[in-house]
Amino acid sequence: MESGVVILIGLFFSVAVYLMLSKQLVRMLLGIAILGNAVNMLIFTNGRLTREVPPLIPEELYTPAIQTANPLPQALVLTAIVISFSFFAFLLVLAFRAYQELGTDGVNTMRVAEPEDDQTPPQGY
Amino acid sequence: MAGSSVTVDLSQAMITAHVAAADWLVVAPSLITILGGSLCLMLRKHTSLQPKLGNAFLGLLVLANLALLARVLDHGIITMVMGNWLPPFGIAFTVDTLGATLSLIASIVAFCAGIFGSATVDATGRRYGFYPFLLLLMTGVCGAFLTGDIFNLYVWFEVLLISSYGLLILGNDRIQLDGAVKYGVLNLIGTNLFLIATGLLYGIFGTLNMADIAMKAAALEGAATGTLATVAALYFLAFAMKAAAFPVNFWLPASYHTPNVVVSAVFAGLLTKVGVYALIRVFVLILPESRAYMADVIALVAIATLMTGAIGALAQSEVRRLLGYVVIAGIGAMLAGVAVGSTLAVSGAVFYAVHSIIVMTALYMAAGVMKLIGGSYDLRKLGGLYNKNAAFAAVFLVLAFAVSGLPPFSGFWPKIILVDAAFADGRAWLAAAILLSGFLTTLAMGRVWIFAFWRGGPEGTPDGELATATATEGSASLAGGAIWVPLGILTALVIYFGLQPEWMLELSTQGASGVVEPLGYLRSVFGEQG
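Quick caveat: nothing in here was measured; it's all calculated off a predicted structure.

(A) View of the overall build of chain A. Of regular secondary structure, chain A possesses 3 helices and 0 strands. Reading chain A from its N end, one meets helices and strands in the order α-α-α. Expected size for 125 residues packed as a compact globule is a radius of gyration near 14 Å; at 23 Å, chain A overshoots this value by more than 25%. Expressed as lengths along the three principal axes of its C-alpha atoms, the size of chain A is roughly 85 × 30 × 30 Å. Residue pairs at least 24 apart in sequence account for 55% of intrachain contacts in chain A once pairs closer than 6 positions are excluded. Of the roughly 7700 Å² of accessible surface on chain A, 64% is carried by carbon and sulfur atoms. Each charge class in chain A can be summarised by its mean position, and for the 6 positive and 10 negative side chains these summaries are 7 Å apart.

Structure representation (structure tokens):
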């Protein structure tokens, strides 16, 4: 099962990189959203994948008798999901505000902070 | 429950001893800033109360960090594990001299920025959360300096990143939105790379505790070393992005000049240095073999960063954008220390980080004062500041000398150490790059001095004459000490570390030897058998 998931993760990464190379801000943001999901699956797969093994510990033991799913990657992914979700929401609003104010969502035409007709500093008095 | 009759021996899995009262200082910086930030957020409509409250908490943060550093110097490295689990389980906070020193300097700078902000951030900025964001930013910064768990380090990075977004767009100008888009997108990609590397690292070692990873990485052999090299490269890319190293530095000059000048000051002082700190922590402490393997690449990146920063600074006529490039040049010098990797070199990098935190914040504040007195950030429109305020001109000259690495100020000593260490390692090119970058920075800063301070007025004023219309607007708002006290404190520190470097040399050497020879760090986490 791991190989299948790994291929899926690779697909996610390639789609994310492709979208992030775009000049349109909206596509870049979609790329970032997919990148976040790719990372989450990567962490999840790194834990180890198991199917339908209930994490029950028999009464006389301290640890499960058979291998169950690793809970730590799940905790990590949960943290990462919350973070990437909130960042994505923030960036969406930011991109929309930038579109309203700057009238463009193309990264090549967003030149307010670094104007194209920037002059070099004075050479002398 | 049937199992209730079984007596469980907790000492196998948990720390049963009570945490010494003084060791609670480990979490104090995070606690103070989270509580202070929440309180300021709740009282956000009381705009006159905000600076008092915010500065009180930032002052408390300085005291807590001072006590923490004293404790570390007194008792050695302190480890505290959340939930009292025995390491490597549970999230560990491990405070060594390196983390405590940087945390202290960062909190001093934040305190100064808080005072400066009470004069330069208007009521709208306060209502929309300048102080809460500043305090929460410090939660992230101090947490990153103090944590001993690599995933936790990622979380602190995100805490400081989201707070920095809030600070960056405070005011909602067009130019800020433009800068924030670039800053936001590129930094988020950087932290995602950090997360990818951390996920792969967990896949290799099955642990997230830094000390545990360091021990397992030292014992690693076989095919996994190849994977580890990939992970190390990813970490380098991620932290280089956070630190604004060449060629992933473009977000910094695109965004640092857009917000309120006090926000720029905090960013320039703190954010990139957290990236450098993470680089030192991961490459020198956790993965020293990968660092040695990548040393040439890091050295090349350092040289390119030094040159990009210095040449970029020469090409700017806007003071804040010029300073943004000077920040980048400083990052190159710190990377040079990581590339060499000896105790001497890392101590130089740490000292340089301390110097850079202080002097870059002070320089951005000085740029704000230049705007207040001279009415512009543009070198073509500035002029005659020496005549308007000679004391401020002296302060600026001190800071310009310091950032260029000229004696007798704080930038001189770390540069000497770094050049010395680079020569000792046989990397003459690296030493030459550090010196050349310092020379070019001197030219760039000297030009600011000549145009803004020495020239009689704006561009076109004849040599030796004063501009007829001496604008005095803004002088009234300068009457308060809220501008001069923080700038004075930071300049005094620059002079003090320049004239009396022994104390900081001692701290940075101790911090560096703590990560280059991590036995003490490992013992602090795992006890004597480590």
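(B) Inspection of the overall build of chain B at higher detail. Secondary structure assignment for chain B yields 21 helices and 2 strands. By the compact-globule yardstick of 24 Å for 530 residues, chain B fits well, its C-alpha radius of gyration being 23 Å. Referenced to the eigenvectors of the C-alpha coordinate spread, the extents of chain B come out at roughly 90 × 55 × 40 Å. Across the 530 residues of chain B, 62% fall into the buried class. Contacts spanning at least 24 positions in sequence make up 80% of the contacts within chain B whose residues lie at least 6 apart. A total accessible area of about 18000 Å² is found for chain B, and carbon and sulfur atoms account for 67% of it. Charged side chains of chain B number 24 positive and 25 negative; the gap between the two group centres comes to 12 Å.

(C) Representation of the packing of helix 11 (residues 261–286) of chain B against helix 20 (residues 502–516) of chain B in the model. Residue and element names in this part refer to chain B. The interhelical angle for the contact between helix 11 and helix 20, taken along N-to-C directions, is 50°, at an axis separation of 7 Å. By the angle between their axes, helix 11 is oblique relative to helix 20. Contact with helix 11, carried on its side by I280, R281, V284 and L285, involves G514, V515 and V516 of helix 20 and no other residues of that element. Among the residues forming the contact of helix 11 with helix 20, the class breakdown is 5 nonpolar, 1 polar and 1 charged.

(D) Looking closely at empty space enclosed by the protein. Residue and element names in this part refer to chain B. According to the stated counting rule, one finds 2 cavities of 30 Å³ or more in the structure shown. Estimates place the volume of the largest cavity at around 80 Å³. Looking at the largest cavity, it is lined by 14 residues, and the ones nearest its centre are V326, A329, G330, Y352 and V403. Broken down by secondary-structure element, the contributors of at least two residues to the lining of the largest cavity are helix 13 (319–340), helix 14 (343–374) and helix 18 (428–454). With 5 residues, helix 14 is the single largest residue contributor to the lining of the largest cavity. Grouping the constituent residues of the lining of the largest cavity by class yields 8 nonpolar, 5 polar and 1 charged. Of the pockets and cavities examined, the second largest cavity occupies roughly 50 Å³.

(E) Region of interest: the packing of aromatic side chains. One pass over the structure, following the stated rule, counts 28 aromatic pairs over all chains. Between F87 of chain A and Y165 of chain B the ring centres are 5.5 Å apart and the planes differ by 70°, which places this aromatic pair in the edge-to-face class. Of this pair, F87 of chain A sits in helix 3 (residues 71–102) while Y165 of chain B sits in helix 6 (residues 150–168), placing the two residues on different chains. As far as burial versus exposure is concerned, F87 of chain A and Y165 of chain B are alike and both buried. For the ring pair F157 of chain B and F194 of chain B, a centre distance of 5.3 Å and an interplane angle of 80° mean the geometry is edge-to-face. Taken together, the residues F157 of chain B in helix 6 and F194 of chain B in helix 7 (residues 174–205) connect sequence positions 37 residues apart. Just as F157 of chain B is buried, F194 of chain B falls in that class too. These aromatic residues form a ring-pair network of at least three members: F87 and F90 of chain A together with Y165, Y183, W251, Y256 and F267 of chain B. When the ring centre of Y128 of chain B is taken as reference, the NZ or CZ atom of R44 of chain B above it lies at 5.9 Å.

(F) How the structure looks around helix 3 of chain A. Over its 32 residues, helix 3 of chain A runs 46 Å from end to end, which matches the ideal 46 Å to within 8%, given 1.5 Å per residue. Residues of helix 3 of chain A that are buried include every one of P73, L76, V77, A80, I83, F87, L91, L94, A95, A98 and L102 of chain A, and no others. Against the buried residues of helix 3 of chain A lie helix 2 (25–47) of chain A together with helix 6 and helix 7 of chain B. Regarding helix 3 of chain A, its N-cap is N70 of chain A, as a side-chain oxygen of that residue lies 3.1 Å from the backbone nitrogen of L72 of chain A further along. Taken from the residues just after helix 3 of chain A, G103 of chain A is the one with a positive phi, measuring 70°.

(G) Structural view of the pattern of salt bridges. All names here are of chain B. Tallying each qualifying case throughout the model produces 9 salt bridges over all chains. Between K182 and D178 there is a salt bridge, with the nearest N and O atoms lying 2.9 Å from each other. Of the two residues, K182 and D178 are both situated in helix 7; the distance of 4 residues between them amounts to about one turn of the helix. With respect to class, K182 is no different from D178; both count as buried. For K216, the salt bridge identified is with D212, shortest N-O distance 3.6 Å. Of this pair, K216 and D212 both sit in helix 8 (residues 210–219), 4 residues apart, which is roughly one turn of the helix.

(H) Spotlight on the nonpolar core. All names here are of chain B. In terms of nonpolar packing, the biggest core is built from 227 residues, with I150, Y235, I280, M360, M370 and F396 touching the most fellow members. Of all the elements, helix 14 adds the most residues to this core, at 21 residues. Both domain 1 (14–292) and domain 2 (294–499) contribute no fewer than three residues apiece to this core. Here I280 is in contact with L98, L285, V338, V346, A349, V350 and V515, once residues within four sequence places are set aside.

(I) Geometry of the pairing of strand 2 (residues 92–95) of chain B. Residues and elements named next belong to chain B. Here strand 2 shows no split at all, with A92 and T94 on one side and F93 and V95 on the other all buried. With 4 bridges joining them, strand 1 (residues 78–81) and strand 2 adopt antiparallel strand pairing. By the bridge assignment for strand 2, T79 is matched with T94.

The rules behind these values
Residues take numbers from 1 onward in each chain, read along the sequence in its written order. Naming scheme: in the order in which they are written, chains are lettered from A and ligands are numbered from 1. Reporting in this predicted model follows two pLDDT cut-offs: at least 70 for local features of residues, and 80 or more for side-chain atom pairs to be given and counted; totals over whole chains, interfaces and linings ignore these cut-offs and use all residues. Excluding hydrogens and water, the side-chain figures rest on all heavy atoms present in the structure. By definition, any uninterrupted DSSP run of H or I lasting at least four residues is a helix, any uninterrupted run of E lasting at least two residues is a strand, and each is numbered from the N terminus. For the radius of gyration, the atoms used are the C-alpha atoms, and the globule rule reads 2.2 Å times the number of residues raised to 0.38. Working rule for contacts: check all heavy atoms of both residues, and any pair within 4.5 Å makes them a contact. Exposure was quantified through the Shrake-Rupley algorithm and a 1.4 Å probe, taking into account, for residues, occlusion by the shown protein chains and nothing else. For the charge count, each Lys or Arg is scored as positive and each Asp or Glu as negative, with His and the chain ends excluded. Lysine's charge is taken at NZ, arginine's at CZ, aspartate's at CG and glutamate's at CD. With a 1.4 Å probe rolled over the protein chains alone, any residue whose accessible area is under 20% of its type maximum counts as buried; one over 50% counts as exposed, and the rest are partly exposed. Axis definition: a line fitted to C-alpha atoms, over the contacting stretch in the case of helices. Angles run 0 to 180 degrees between N-to-C directions. Angles below 35 degrees are treated as roughly parallel, those above 145 as roughly antiparallel, those between 65 and 115 as roughly perpendicular, and all remaining angles as oblique. Charged residues are taken to be Asp, Glu, Lys and Arg, nonpolar residues to be Ala, Val, Leu, Ile, Met, Phe, Trp, Tyr, Cys and Pro, and polar residues to be all remaining types, Gly included. Cavities and pockets were defined on a 1 Å grid built from protein atoms only: a cavity is a group of points that admits a 1.4 Å probe but offers it no way out, a pocket is an open group of points flanked by protein on both sides within 12 Å along at least five of seven lines, and a lining residue is one with an atom within 4 Å of any such point. Grid points are joined across faces, edges and corners, and a volume is the space filled by probe spheres set on the points. A pair of Phe, Tyr and Trp rings is counted when the ring centres sit within 6.5 Å of each other, with Trp represented by its six-membered ring. The angle between the planes then sorts it: under 30 degrees is stacked, over 60 is edge-to-face, the rest tilted. Either the NZ atom of lysine or the CZ atom of arginine qualifies as a charge over a ring when it sits within 6 Å of the ring centre and within 35 degrees of the ring normal. To estimate how far a helix should reach, multiply one less than its number of residues by 1.5 Å. What qualifies as a polar contact is a pair of N or O atoms within 3.5 Å, subject to a donor-acceptor requirement within protein and to the restriction that residues adjacent in sequence count only when both atoms come from side chains. What counts as a salt bridge is simple: a side-chain nitrogen of Lys or Arg found within 4 Å of a carboxyl oxygen of Asp or Glu. Nine residue types can take part in a nonpolar core, namely buried Ala, Val, Leu, Ile, Met, Phe, Trp, Tyr and Cys, and a core is a set of them joined through side-chain atoms within 4.5 Å. Domain start and end points were adopted from an automatic or database domain assignment. Think of it this way: DSSP has to see at least two bridges between two strands before they count as a pair.

The values are spatial; any link to function lies outside them.
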